[in-house]
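Architecture at a glance
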Amino acid sequence: MTAFETILEEGTSSRTLATDVTKAVRSSLIMRPIYELPARIYRQVGLDNEPNLLEHVDLMWLAFATLDIIAELTEYQVGASRTEILQHLFPLAEAQLQAQQIQAQPHALEHLLGKVFDHLVNRDNRYLPFSYRFYDGAQHQFHTRKFWLIKAVYTGQGKESFFALTDEGYVAYFGLHESSALDAAAIGNLRIKLLIERGKVDDALTATEQNRKQCLRKANEVRDVRRSIERNIQAVDFRHIHQLADEGADQATQIQQESGRLHHLVLDNLDKNSDEEELRYKLQQLAENLEQLNIQQMKLVNQLQKLPDDFSDHSHKLFRRRSIGIMPAMDTITRRLFATPEAQAAAVGVEFIARFDPPLRQPLFDPGSMIDAIDRALERQNASGDIYQQVEEAAAELIEYFQPELNDALMGEALKLLFNTVAGEPVLLSQLLTQAAAPPTPLTDELQSLLPIAMAMQVFQCVVDHRLAEKYHLQIEPQADQHVRLLLPDGRLYRGHELLLSSTHPSSLAIATDQA
Amino acid sequence: MTYFDEESFHQANRLIYLSLIYSNGNRRALSQYMEEMTELLQKFRSSEPFQQLVEAGLKAMELQILTITNDGLRLSARHANSFFATTLTDYGKMLARSDNKAADLLCVHCAIATALFPNETDLDAPVEDLGVVMVDDIIQVLRRFADQEQKLPAEDDILDPQVRTAAQRIRELPEENPDSKRAGAGASWLALINRVLEHLVSTDYLLAFEDHQEEAIEYRPTPAYQAALRQAAVYAFHSFRNVATGQDPQLKTSATAPDEEPESPQLTEQPETEVN
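Residues numbered from 1 in each chain as written. Chains lettered and ligands numbered in written order. Predicted model: local features only at pLDDT ≥ 70, side-chain atom pairs only at ≥ 80, totals over all residues. Heavy atoms only, no water.

1. Considering the pairing of strand S5 (residues 162-165) of chain A
Residues and elements named next belong to chain A. The criterion, for reference: Whether a residue is buried, partly exposed or exposed follows from its accessible area with a 1.4 Å probe, protein chains only, as a fraction of its type maximum: under 20%, in between, or over 50%, in that order. Where helices and strands are cited, they refer to DSSP runs of H or I of at least four residues and of E of at least two residues respectively, numbered from the N terminus. Note on pairing: two strands pair once DSSP finds at least 2 bridges between them.
Judged by which residues are buried, S5 turns out to be covered on both faces: Phe162 and Ala164 on one side and Phe163 and Leu165 on the other are all buried. As paired strands, strand S1 (residues 80-81) and S5 are joined by two bridges and run antiparallel to one another. Considered in S5, the bridge of Ala80 is made with Phe163.

As structure tokens, this is what we get:
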């Protein structure tokens, strides 16, 4: 509860015009989304030649009906899906139109209802809460009130999102009596009352069950607090305990009054419906449930009120020396962090994430590897081989493709020679080229003269592309201090650094002897 | 100054390099270096000069050791301005969103941790005993903490009521956004949680198990997560205390020279065990 709300609650003792007006304004803000509804949905719904449905339906009525439908549906489930809600709403809207003898396309009506629902959940504003500014006369300040009427709740079930009424939603529907004690159990009682009065005893039974669960949950919370008092009293805030106890006492009296009234209501109904056997039975069951609920709530109050005593029983531990290196409990840390102002939380968050998450892999920019990647991508694109396809039109001239002088056979021969020579022991490039110029091979003379060039090409490819070198098990080391000038048989001059070639293949020796 | 041979420098850097791979959660990339890693770790454990060398290297790279496991050193950035620091942009890249807010992510991180380690002793317990969490549990924790600061007693109210708190930010987000698949749908609790969980799984901090019957994913913590959290949580807690007492050295200096952590990395052994 913010300081402002506390002032509002305590406001009765020091009432002035300013506080009263502010309170009324603040409470009435809750109705604003509903009042705004007709203004927000202004466009024509449906086709031009059809009657404009907006002029014929009561949008406010539909809005409150939506709230009621959700309140009813959520009695026995956590939330209601959009489709479900619209399904229930549709016949109600249809009835409105029938009263005026207006025929409407079902889809147009559905569309309209969808818009009503979307407005109530603030879909246009990304399902965020409605937010209104108002003037606080007592403090001479402006405040913003943010709230939902219908809120999407996470259930983890099904494919659709579920919606439920918020406290504000219940308040908007059950009247403008906004009070802080409208907690889950009290609202539950309101629901039960509604259901009994409508004769839906089955649903009322479910609601009592839910109320019981609420009690259990609160009891669990109390148990957790007690456990942490016993285990680690440092982590528990004494003031928090007192607050819990006070809160518990206040709430419990109120809930008890409510439950008592409900009990009477049920007994009343029992008398009235004394002739229907089944209904009587159910009402009796309901009365029993309510009684149990009452007992449970009393127990809970007792537990809550015992908490301060528990705390003082264990308080001697507070003076114990703390052992070094003990972590604060995650609970404490989280609670503190949630209470941090958002700017600071953001600063802490940035640091936290940096220190907590593993170091990031930072890709380094390298032009070489990028060109490599592009190259490979291009190769893949051309892999279909369509440029070598036969051209079949008779009239068309065949395009001459570039035929490389160093053809596959020649390169193969060079590779074979390279392998055989390198396999034995490391060899210098100049030796290799001389060897390529000399020996007779099954090649023609013309190709024979190109063999040294093919050999040089093979070696260079391996120098440029290390993957190729790995494939051929070649290791190439430039000899920085030696230069070569070599006249090749076809009249070309090879010059440059000397390279030392050696084989890295484990079985290179064996292959060499085999081939020899 | 202790004498180091050239080999030691090489090995120290090698250990940092391999640990970076390991910390990134890339098991496949690391598998070919496993033998080398084991040797380096042995040297790291046995030789103190070598340890100092590695630590100096890590410090120079603005990294810190979170824990030491049998598979390598778990590293993280020393502070937010480090070159290796994970940033909000990284979360953004992952889901092609750029609307991440550090305060929200921090809350979600803490909620996940609180769901996994409800008690302080859990931070030291073997991870096998800790059980699993599902998105539902984390939502429960967020629900519990979202109105937390409202319950803080008035005297504890260090803040001007006009100042928005982290909890308030969370309170004003919807739990689930039915339009989440549309562009610009806006954040929700569920979206934030999934973003953080996805990142934690991809970096090997959490293990995800899919339960086909329930169609829900169960998350289990790893020792690395526990160790990382222990350090980060201590940081977060201290920085809050500084906010509360008005002196705020961490946040003021973090932009310029955020160094000199009071607590040294814990050099305790933590066998990394598979949880299945």
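From this point on, the discussion continues.
2. Some remarks on the interface of chain A and chain B
Heads up, the rule is: We call two residues contacting when some pair of their heavy atoms lies within 4.5 Å. Values labelled buried area give the accessible surface lost by two parts on being combined, using a 1.4 Å probe and summing over both. What makes a salt bridge here is a side-chain nitrogen of Lys or Arg within 4 Å of a carboxyl oxygen of Asp or Glu, nothing more. Side-chain atoms alone can form a polar contact between residues adjacent in sequence; in general such a contact is a pair of N or O atoms within 3.5 Å, and within protein one must be able to donate a hydrogen while the other accepts it. By the convention adopted, Pro, Cys, Tyr, Trp, Phe, Met, Ile, Leu, Val and Ala count as nonpolar, Lys, Arg, Asp and Glu as charged, and the other residues, Gly among them, as polar.
Between chain A and chain B, the residue contacts involve 59 residues of the former and 95 residues of the latter. Here chain A and chain B share an interface that buries about 7,400 Å² over both sides, 63% of which is from carbon and sulfur atoms. Three residues, Tyr154, Phe338 and Arg355 of chain A, lead the burial of chain A against chain B; their summed loss comes to 13% of the area buried on that side. If you look at where chain A meets chain B, you find two salt bridges. In this structure, the salt-bridge partner of Lys146 of chain A is Glu172 of chain B, at a minimum N-O distance of 2.9 Å. Seen at the junction of chain A and chain B, the total is 12 residue pairs in polar contact (both at pLDDT 80 or more). Residue assignment for the side of chain A that touches chain B shows that the elements contributing at least two residues are strand S3 (141-147), strand S4 (150-153), helix H9 (201-231), helix H10 (238-272), helix H12 (330-338) and helix H13 (342-356) of chain A. Here the side of chain A that touches chain B takes 14 residues from H13 of chain A, the largest share from any one element. Classifying every residue of the side of chain A that touches chain B gives 32 nonpolar, 11 polar and 16 charged.

3. Describing the pairing of strand S2 (residues 72-77) of chain B
Sheet faces and side chains relate simply in a regular strand, where the side chains alternate between the two faces. Burial analysis of S2 of chain B places six of its six residues in the buried class, which makes it a mostly covered element. The antiparallel pairing of strand S1 (residues 63-69) of chain B with S2 of chain B creates a hairpin that spans two residues between the two strands.

4. Regarding the packing of aromatic side chains
Applied cut-off: Here a pair means two rings of Phe, Tyr or Trp (six-membered ring of Trp) with centres within 6.5 Å. Their orientation is stacked below 30 degrees between planes, edge-to-face above 60, and tilted elsewhere.
Scanning the model with the defined rule gives 15 aromatic pairs over all chains in all. Seen in terms of ring centroids, Tyr135 of chain A and Phe142 of chain A are 5.2 Å apart; in terms of plane orientation they differ by 50°. Their pairing is tilted. Relative accessible area serves as the criterion here: at 39%, Tyr135 of chain A is assigned to the partly exposed category. Here Phe117 of chain B and Tyr225 of chain B contribute two aromatic rings whose centre-to-centre distance is 5.9 Å and whose plane-to-plane angle is 20°, an arrangement assigned as stacked. Residue Phe117 of chain B is located in the loop between helix H6 (102-116) and helix H7 (135-146), and its partner Tyr225 of chain B is located in helix H11 (residues 223-245); the two are separated by 108 residues in the primary sequence. Each member of the pair Phe117 of chain B and Tyr225 of chain B is classed as buried. Three or more aromatic residues joined by ring pairs form one cluster here, namely Phe352 and Phe356 of chain A together with Phe117, Tyr205 and Tyr225 of chain B.

5. Regarding the confidence of the model for chain A
All names here are of chain A. As a reminder, the rule being used: Residue-level confidence of the predictor is what pLDDT reports, using numbers from 0 through 100.
Within chain A, residue pLDDT values average 75, and 75% of them lie at 70 or more. Within chain A, helix H1 (residues 3-10) has the poorest average pLDDT of any element, 46, and helix H5 (residues 82-99) the best, 91. Here residues 177-182 scores under 50 on pLDDT; set against residues more than four positions off or in separate chains, the count is 14 contacts.

6. Notes on the packing of H12 of chain A against H6 of chain B
Using the following cut-off: Each axis is a line fitted through C-alpha atoms, and for a helix only the stretch in contact is used; angles between axes span 0 to 180 degrees, taken between their N-to-C directions. Should an angle fall under 35 degrees it is taken as roughly parallel, and over 145 as roughly antiparallel, whereas 65 to 115 is taken as roughly perpendicular and any remaining angle as oblique. Note on convention: near helix rotated counterclockwise from far helix by under a right angle means a left-handed crossing. Clockwise means right-handed.
Put simply, H12 of chain A and H6 of chain B touch, their axes get as near as 9 Å, and they point 160° apart. Taken together, the axis directions place H12 of chain A and H6 of chain B in an arrangement best described as roughly antiparallel. Crossing angle aside, the handedness with which H12 of chain A passes H6 of chain B is left-handed. Note on element contacts: H6 of chain B touches H12 of chain A through Leu106, Cys107, Cys110, Ala113 and Thr114 of chain B, opposite Met330, Asp331, Thr334, Leu337 and Phe338 of chain A. Its residues placed into classes, the contact of H12 of chain A with H6 of chain B shows seven nonpolar, two polar and one charged.

7. A few points about H12 of chain A
Judged by how many residues are buried, H12 of chain A sits mostly within the fold: seven of nine residues are covered. Taken together, the buried positions of H12 of chain A are occupied by Met330, Thr332, Ile333, Thr334, Arg335, Leu337 and Phe338 of chain A.

8. Quick look at the environment of Asp481 of chain A
You can see Asp481 of chain A is positioned in strand S7 (residues 474-487). Residues Asp481 of chain A and Glu498 of chain A lie 17 residues apart in sequence; the distance between their C-alpha atoms is 8.2 Å.

9. Overview of the nonpolar core
Rules: The set of buried Ala, Val, Leu, Ile, Met, Phe, Trp, Tyr and Cys residues whose side-chain atoms join them within 4.5 Å is what this entry labels a nonpolar core.
Phe356 of chain A together with Ile112, Tyr225 and Leu229 of chain B are the most contacted members of the largest nonpolar core, which has 59 residues in total. Mapped onto this core, the elements with two or more residues apiece are H12 and H13 of chain A together with H6, H7, helix H9 (166-171), helix H10 (189-202) and H11 of chain B. Per-element accounting of this core gives the leading share, 10 residues, to H6 of chain B. With sequence-adjacent residues up to four places away left out, Tyr225 of chain B is seen in contact with Phe356 of chain A together with His109, Ile112, Ala113, Leu116, Phe117, Leu200, Tyr205 and Leu206 of chain B. With 47 residues, the next largest nonpolar core counts Ile30, Met31, Ala80 and Phe90 of chain A among its residues.

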